[in-house]
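Fold and contact review
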Amino acid sequence: MVRLFQELIQEFFRVSIYKKTQGRIVRQVTFAALALVVLAAVFQLNAVLIGWKLTLATRYVVQILFGAIFIWFSYRLVNYPKFADFLIQVEAEMRKVSWPARDELIRSSAVVICVMFILALLLFGYDLLLSAVFDGCNIAGQNFFKWIGIFS
């Protein structure tokens with residue numbers, strides 16, 4: 001565990017890029033997603049710092065430092081050898097996928113959307129039916145538990 005921690009610390013301060021030409025797209029997209037998460041955290045950090053009643057300059061310095069450290073950490077994470085190898089393999093597998101043609105994609109999406117609407121209408125109908133049955137039997141809410149013999 002200590003060895004892993006030392007390895008991560010060494011990787012954090014490294015400047016080189018592991019296997020620079022491989023898996024570039026997946027690494028860039030992963031870094032962009034991590035950077036968006038960090039920027040959202042920095043935005044939320046502002047609300048916390050306002051509660052601490054810090055000056056405006058101090059809040060900005062803290063936010064910039066927090067953002068810079070974690071953006072650098074995100075950059076180093078996508079270049080960490082084990083994680084980078086995983087991302088390289090992901091990109092290699094994505095190249096093997098046979099993507100559907102535009103017409104097939106539109107037809108498949110239309111089928112999925114229609115089935116979802118049909119299921120939503122079916123569940124809505126079941127809800128209305130069961131509500132009517134429970135209201136008609138006067139067993140809604142707490143009366144239901146008394147009706148089946150629980151909590152009487």
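All values derive from a computational prediction rather than experimental measurement. (Residues numbered from 1 in each chain as written. Predicted model: local features only at pLDDT ≥ 70, side-chain atom pairs only at ≥ 80, totals over all residues. Heavy atoms only, no water.)

Some points on unusual backbone geometry
The phi angle at Lys-19 is positive, at roughly 45°, despite the residue not being glycine. By secondary structure assignment, the location of Lys-19 is in the loop between helix H1 (2-12) and helix H2 (24-51). The phi angle at Lys-53 is positive, at roughly 55°, despite the residue not being glycine. (Helix = DSSP H or I, 4+ residues; strand = E, 2+ residues; numbered from the N terminus.)

A word on helix H3 (residues 56-78)
For H3, which comprises 23 residues, the first-to-last C-alpha distance of 33 Å matches the rise-based estimate of 33 Å (1.5 Å per residue) to within 8%. All of the buried residues along H3 are Arg-59, Gln-63, Gly-67, Ser-74, Arg-76 and Val-78. Buried residues belonging to H3 abut H1, H2 and helix H4 (81-96). (Expected span 1.5 Å × (residues − 1). Buried < 20%, exposed > 50% of the residue type's maximum accessible area, 1.4 Å probe, protein only. Contact = heavy atoms within 4.5 Å.)

Quick notes on the packing of aromatic side chains
This structure, assessed with the given rule, holds six aromatic pairs. Both rings, one in Phe-12 and one in Phe-13, keep their centres 5.1 Å apart while their planes meet at 85°; by these two values the pair is edge-to-face. Taking the relative accessible area as the measure of exposure, Phe-13 reaches 62% and is therefore exposed. Here the aromatic residues Phe-12, Phe-13 and Phe-73 are joined through ring pairs into a cluster of three or more. (Phe/Tyr/Trp six-rings, centres within 6.5 Å; stacked < 30°, edge-to-face > 60°.)

Notes on the confidence of the model for the protein
Considering every residue of the protein, the mean pLDDT works out to 85; 89% of them sit at 70 or more. Mean pLDDT across the elements of the protein ranges from a minimum in helix H6 (residues 142-148), with 61, to a maximum in helix H5 (residues 102-137), with 92. (pLDDT = per-residue confidence, 0-100.)

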